[in-house]
Amino acid sequence: NCSDAAGKEIPYSSIIQSVDAGQNSTEIRRDPYLRSPYVNMVENGTVYQVWYDDANSLGPLYEWAGDRGLRGTGPYTFD
């Protein structure tokens, strides 16, 4: 858990279930630089944005790390 995060952690499986159930208020969008997907959700009248990684965003992430001489990357958490 990241104590300085602006929001809260949501398991990947919960994000996908919510999107599959149509609980998102926008289509899945992607950051143009690292291709990370994000989507807006509405809960109790509050709109919030969820960012996550998937198979399409991890490739550029690994390439970015390799280009900078990093020896690897790791997930924030597993679910």
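Look a little higher up for the structure.
Cut-offs used in this document
Residues numbered from 1 in each chain as written. Predicted model: local features only at pLDDT ≥ 70, side-chain atom pairs only at ≥ 80, totals over all residues. Heavy atoms only, no water. Core = buried A, V, L, I, M, F, W, Y, C linked by side-chain atoms within 4.5 Å. Buried < 20%, exposed > 50% of the residue type's maximum accessible area, 1.4 Å probe, protein only. Helix = DSSP H or I, 4+ residues; strand = E, 2+ residues; numbered from the N terminus. Contact = heavy atoms within 4.5 Å. Pairing = 2+ DSSP bridges.

1. As for the nonpolar core
The tendency in soluble globular proteins is for nonpolar side chains to be buried as a group.
Phase 1 of the analysis: Core analysis: the biggest nonpolar cluster contains six residues, these being Ile 15, Val 19, Val 39, Met 41, Val 50 and Tyr 52.
Phase 2 of the analysis: Every element with two or more residues in this core is listed here: helix H1 (12-20) and strand S2 (37-43).
Phase 3 of the analysis: Dropping the residues within four chain positions of it, Val 50 is found in contact with Ile 10, Ile 15, Pro 37, Tyr 38, Val 39 and Met 41.

2. What to know about the sheet that holds strand S1 (residues 29-30)
Backbone-to-backbone hydrogen bonds join strands into a sheet, with any given pair of strands oriented parallel or antiparallel.
Phase 1 of the analysis: Taken in spatial order, the three strands of this open sheet run S1-S2-S3, and their pairing is antiparallel. At either margin of the open sheet sits one strand with a lone partner, and together these are S1 and strand S3 (46-51).
Phase 2 of the analysis: In this sheet, S2 lies alongside S1 in antiparallel orientation, the contact comprising two bridges. Bridge assignment links Arg 29 to a residue of S2, and that residue is Tyr 38.

3. Focus on the environment of Lys 8
Phase 1 of the analysis: Position of Lys 8 among the secondary structure elements: in the segment before H1.
Phase 2 of the analysis: Using a relative accessible area of 64% as the deciding quantity, one classes Lys 8 as exposed.
Phase 3 of the analysis: Between the C-alpha atom of Lys 8 and that of Val 50, which follows or precedes it by 42 residues, the distance is 9.5 Å.

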